[in-house]
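Summary of the model geometry
Take a look at the letters that make up each chain.
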Amino acid sequence: MSVADPPAAPGPAPKARTAPPFDPELAAALAALGDAAGGPLTPANLAARQARDTATRPRPAVHELTDGGRFEVAELRVPGPPDGPEVTLLSARPAGISRPLPLLYYLHGGGMVMGNAWSVLPRVLREWALPLELAVISVEYRLAPRTRYPGPVEDCYAGLTWAAAHADRLGIDPARIVLGGKSAGGGLAAALALLTRDRGGPVPLGQLLLSPMLDDRDRSFSSHQLAGTDTWDRTSNATAWQALLGDRYGAADLPPYAAPARATDLSGLPPAYIDVGSAETLRDEDVAYAQALWQAGGRSELHVWPGACHGFDTLAPHSALARDARDARTRWLRRLLAR
């Protein structure tokens, strides 16, 4: 079945098979984590997990994000979507550069239900903004289930259009905007590429999709193969999608801006970088999306990291696999920006 097919009638789950083994360094990190991983996300524990995330996830202040003057950082409140609240954007760039810079418009992960725009910035600034001389905007979109689709993606679109319209104020080049995100943020970045194409909005230079959440149907082979094994398994995935979509979860007519794997037309999209782990729940939907982009005449670079679970580069940032993944992403961005 291609990513463009509508949901089929419920049928038997794919026959269970042995999951690909974790990379040894990742397996050791998972073993060390033990019970601290907390088990899968479920409707019953969602509120408690959200409260814990809010209490424990870092939220550095603007003065901390400047890193002693290496970066210029501003917290902005900009108009949100129609009938929606303002959207908070964290705008950052390497200090001391006066020329307009390319922009990485970055959407944080957290399964659509957790995370914040502040916590991801130190790593994004360190790994990409400094070496590539990039500006970065991190978006504080609303979370589910308090805000369901289309609220989060509309927040992201409102921030994108504002940033492009105020490029001079931000010191960015509006013709060199890269959409990016990880996990839920990767899914939102893919949805945003579709949405801005169809609305005639800002035209992105590329899309950086890291283990993106793309398909609410949760029926892929890897979803069943990695059940109870991956750090983000099909139970967690289904819980997050249900929180985002409510009664529209699994609907045959769900728009692609809610779940990009539902798209029937992937033409005219910016070049994509997609990476995912071989031992990851989202593996098959991400591989299928890359293939669908190729079939639509588009450009996509796909990396499937052997033995990697969801979030492997956060779980074991110093592992050889994580270092290779970071290098590959940076090389793609450098090539994209050099065009």
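Everything below is about the structure shown above.
Definitions and cut-offs
Residues numbered from 1 in each chain as written. Predicted model: local features only at pLDDT ≥ 70, side-chain atom pairs only at ≥ 80, totals over all residues. Heavy atoms only, no water. Helix = DSSP H or I, 4+ residues; strand = E, 2+ residues; numbered from the N terminus. Pairing = 2+ DSSP bridges. Axes fitted to C-alpha atoms, helices over the stretch in contact; angles between N-to-C directions. Core = buried A, V, L, I, M, F, W, Y, C linked by side-chain atoms within 4.5 Å. Buried < 20%, exposed > 50% of the residue type's maximum accessible area, 1.4 Å probe, protein only. Contact = heavy atoms within 4.5 Å. Phe/Tyr/Trp six-rings, centres within 6.5 Å; stacked < 30°, edge-to-face > 60°. Arc of directions from axis to C-beta. Polar contact = N/O pair within 3.5 Å; in protein donor to acceptor, adjacent residues only side chain to side chain.

A closer look at unusual backbone geometry
In the segment running from Ala144 into Pro145, the intervening peptide bond is cis, with an omega of 0 degrees. Pro150 follows Tyr149 through a cis peptide bond whose omega is 10 degrees. Looking at the secondary structure, you find Pro150 in the loop between strand S4 (135-140) and helix H5 (151-165). The phi dihedral of Ser183 falls on the positive side, at around 60 degrees, and the residue is not glycine. By secondary structure assignment, the location of Ser183 is in the loop between strand S5 (172-182) and helix H7 (184-199). At Ser211, a position not held by glycine, the phi torsion is positive, near 45 degrees.

Description of the sheet that holds strand S2 (residues 87-94)
Pairing is mixed across the open sheet formed by 8 strands, whose spatial order is S1-S2-S4-S3-S5-S6-S7-S8. Each end of this open sheet is capped by a strand with a single partner; those strands are strand S1 (71-78) and strand S8 (300-305). For this sheet the average axis-to-axis angle between neighbouring strands, irrespective of direction, equals 20 degrees. Examined bridge by bridge, strand S3 (residues 101-107) and S4 share 5 bridges and lie parallel to one another. Bridging from a neighbouring strand, Leu103 pairs with Ala135 of S4.

A look at the nonpolar core
Considering soluble globular proteins, one finds that nonpolar side chains tend to be buried as a cluster. One finds Leu89, Tyr105, Leu107, Val139 and Tyr289 to be the most contacted residues of the largest nonpolar core, which totals 64 residues. No other element matches H7, which puts 9 residues into this core. If we ignore the near neighbours within four places in the chain, the residues touching Tyr105 are Leu89, Ile137, Val139, Asp155, Cys156, Gly159, Leu160, Ile177, Val178, Leu179, Gly180 and Leu192. Leu65, Ala92, Trp128 and Ala308 belong to the second-largest nonpolar core, a separate cluster that totals 37 residues.

Overview of the side chain of Ser300
Structurally, the position occupied by Ser300 is in strand S8. When neighbours within four sequence positions are excluded, Ser300 is seen to be in contact with Ala272, Ile274, Ala290, Leu293 and Trp294.

Regarding the pairing of S3
Across the 7 residues of S3, 7 count as buried, placing the element largely inside the fold. When S3 meets S5, the two strands line up parallel, connected through 6 bridges. Directly across from Tyr106, in S5, lies its bridge partner Gly180.

Some points on the packing of aromatic side chains
Applying the stated criterion across every chain yields a total of 2 aromatic pairs. Judged by centre distance (6.5 Å) and plane angle (55 degrees), the ring pair of Tyr106 and Trp128 falls under tilted. On the criterion of sequence distance, the pair formed by Tyr106 in strand S3 and Trp128 in helix H4 (residues 121-132) is long-range, its members being 22 residues apart. For the residue pair Tyr106 and Trp128, the accessibility class agrees, reading buried in each case. Geometrically, the ring pair formed by Tyr273 and Trp332 is tilted, given 5.7 Å between the ring centres and 50 degrees between the ring planes.

A short note on helix H1 (residues 24-33)
Here H1 has its buried residues at Leu26, Ala29 and Leu30. Angular distribution of buried residues about the axis of H1 spans 100 degrees; they occupy a single face of the element. Within H1, the exposed residues directed more than 90 degrees away from the buried face are Pro24, Ala31 and Ala32. At its buried positions, H1 is contacted by helix H11 (312-315) and helix H12 (320-338). Between the side-chain oxygen at the start of H1 and the backbone nitrogen of Glu25 there is a gap of 3.0 Å, and the oxygen is on Asp23. Among the residues trailing H1, Gly34 stands out with phi positive, at a value near 55 degrees.

Everything listed here is a matter of geometry and, on its own, says nothing about what the molecule does.
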